[in-house]
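One-letter residues, chain by chain:
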Amino acid sequence: MMRRLRPLALLSLLLALIDLPGGVTPPAALAAPAAQGPTELTVFAAASLTDAFKEIGRSFEKANPGVKVTFNFAGSQQLAAQLGQGAPADVFASANATQMTVAATANRVAKDVAKTFVQNRLVVITPQDNRARITTLQDLAKPGLKLVLAAKAVPVGQYTLDSYPIAPISDAKQPDLAQKFVSFVFVGDSRLVLAKYGFSLP
Amino acid sequence: MERTTTAQRAEIEGRRRPLPLTTLGLVLASLPMLAYLLIPLLAMIARVDIAAILAQFANPEVGQAIWLSITTTTWCTALALGLGTPLAFLLARRRFRGRSLLDTLVELPMVLPPSVAGIALLIAFGRRGLIGASLDAAGLQIAFTTVAVVMAQVFVAAPFYIKTAVAGFAGIERELEQAAAIDGASPLQVFRLITLPLAWPVLLGGLVMSWARALGEFGATIIFAGNFPGRTQTMPLAIYLGFELDLDLALTLALILLAVSFLVLWLVKAILRQRVHAP
């Protein structure tokens, strides 16, 4: 009988060995982390900003010793939905104005506080041999052309040169740091990083 | 009884001696599905170079994501087993009004798009949620923690185990349980000594299936738990961010996930085989 139940015993042994890292966090631990360990700044950012913001985050940590920037990268729609449901955050960087409005409607971002820091650049990509001989924007109207467009709900799908707004969260745990981070995104070095990853600066 | 089954088995095995021609036909008929399932995996392997995989193992974020995936899915599997088994037994063994309704309700999370499941969990357990609001008042926040990762996995993966377990419990010969009960075993003893051991191979199969589903879980996790490295960023979430960086990185991470899953599945099957061959 013991032999039959061995996988069960194996599983419980495994569980005994495993301790979930950072399980349910009581807010008290988040409210007063300055006593020991770094102060955590939580930044919700659009997934397309991943590499640029990771780099900017590292420079921000260097410029502000004792601060640890934690990112939550996901689609802007998802981030706005999370903020609407009370997700704890300090800064929100969206890939479009619409989702920033969603966060503002949920009272997580003060109205008119969001500032545009970069814009998307729309590009037309043709196959290397360019058999359809596309050279101007008008050529896209040629009949028989297979044109792939971004989905309408995705920021790029909305034709306009969409802007990326950034704003501190109104009930941020680290309001001063949040404001500092937002300003940091606008300084020269951060601009260079953003430009390096293909964003156009307004 | 024992003699008949042995005799029957011998007869079937005799009849089942493989005829070369039918075997050939069977192999040919199996090939299209096998090829279809394996070609995309082979395409991935062909594209990724081994050195890149080894380099990614040294990346602390990848290590974190692998470890987080292993720990959370282990918890998910344990919870599916511990909390899903009574429900499966109830559905398999008791006849009551609304049983078939309950049975269908348990299946719903399987058809729900995972991102919808994530939103549902968030509006239930988030800080402004149905239950989450009172939990928050009590100083307990679940969303965006590792616990939320496990909860998202249990929500989408446990039904796979429960459905299999119902079939497993229903397939056991009731006479064996009744015989044990007549011999004086208490209901709990019957369950522990007769039902569970007999159903175990099926239950284990269901557990593996639900573990695999939990390991690939993405949609519900990224919404309910967020994408925090080291805290909620499991392998599928790391792969998603890999796509934002570059395709080859994402493929490399995906291959690592595949390799880990393959090892675990292989190991579980090896344990099962050993158990079957043991006297």
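Definitions and limits used
- Residues numbered from 1 in each chain as written.
- Chains lettered and ligands numbered in written order.
- Predicted model: local features only at pLDDT ≥ 70, side-chain atom pairs only at ≥ 80, totals over all residues.
- Heavy atoms only, no water.
- Helix = DSSP H or I, 4+ residues; strand = E, 2+ residues; numbered from the N terminus.
- Buried < 20%, exposed > 50% of the residue type's maximum accessible area, 1.4 Å probe, protein only.
- Contact = heavy atoms within 4.5 Å.
- Areas by Shrake-Rupley, 256 points an atom, 1.4 Å probe, with all protein chains shown as cover.
- 1 Å grid on protein atoms, 1.4 Å probe; cavity = no way out; pocket = protein on both sides within 12 Å on 5 of 7 lines; lining within 4 Å.
- Points joined across faces, edges and corners; volume = space filled by probe spheres on them.
- Nonpolar A, V, L, I, M, F, W, Y, C, P; charged D, E, K, R; others polar.
- pLDDT = per-residue confidence, 0-100.
- Axes fitted to C-alpha atoms, helices over the stretch in contact; angles between N-to-C directions.
- Parallel < 35°, antiparallel > 145°, perpendicular 65-115°, else oblique.
- Left-handed = near helix turned anticlockwise from the far one by under 90°.
- Salt bridge = Lys/Arg side-chain N within 4 Å of Asp/Glu carboxyl O.

### With respect to the overall build of chain A
A tally of helices and strands in chain A yields 7 helices and 5 strands. When the helices and strands of chain A are placed in sequence order, the string is α-α-β-α-β-α-β-α-β-β-α-α. Evaluated residue by residue, chain A yields a buried proportion of 44% over its 202 residues. Here the analysis covers contacts within chain A between residues at least 6 apart in sequence; of these, 73% occur between residues at least 24 apart. A total of about 11,000 Å² of accessible surface is found on chain A, and carbon and sulfur atoms cover 60% of it.

### Side note on empty space enclosed by the protein
Taking a probe equal in size to a water molecule and rolling it over the atoms shows the remaining empty space. Residue and element names in this part refer to chain B. Evaluation of the coordinates by the stated rule reveals 2 cavities of 30 Å³ or more. Considering only enclosed or pocket space, the largest cavity measures out at about 70 Å³ in volume. The residue makeup of the lining of the largest cavity, split by class, is 7 nonpolar, 5 polar and 2 charged. In this structure, the second largest cavity encloses a volume near 40 Å³. Residue lining of the second largest cavity: Ile66, Ser69, Ile70, Leu215, Met235, Ile256, Leu257 and Val260, and that is the complete set. Of all the secondary-structure elements, those providing two or more residues to the lining of the second largest cavity are helix H4 (60–93) and helix H13 (247–277). Partitioning the lining of the second largest cavity into residue classes produces 7 nonpolar, 1 polar and no charged.

### Notes on the confidence of the model for chain A
All names here are of chain A. Confidence in the prediction of chain A, expressed as mean pLDDT, is 81, and 76% of residues score 70 or more. Confidence scores differ between elements of chain A, with helix H2 (residues 27–31) showing the lowest mean pLDDT of 41 and strand S3 (residues 91–93) the highest of 97. Low confidence marks residues 1–5, where pLDDT is under 50. Its contacts with residues over four positions away, or in another chain, come to 9 contacts. Counting interchain partners and residues more than four positions distant, the pLDDT-below-50 stretch residues 22–34 has 20 contacts.

### Comments concerning the packing of H4(B) against helix H8 (residues 146–170) of chain B
Residues and elements named next belong to chain B. Axis separation between H4 and H8 bottoms out at 6 Å; the angle between their running directions is 40 degrees. Comparing their axes, H8 and H4 come out oblique. Every pair of crossing elements has a handedness; the one defined by H4 and H8 is right-handed.

### Some details on the pattern of salt bridges
Under the counting rule described, the total for this entry stands at 11 salt bridges over all chains. Here Asp129(A) makes a salt bridge to Arg131(A), at a shortest N to O gap of 3.8 Å. What makes Asp129(A) exposed here is its relative accessible area of 53%. By relative accessible area, which is 74% here, Arg131(A) ends up exposed. Taking the shortest distance from any N to any O, the salt bridge between Arg47(B) and Asp248(B) comes out at 3.0 Å. Here Asp248(B) lies in helix H13 and Arg47(B) lies in helix H2 (residues 20–47), a separation of 201 residues in the sequence.

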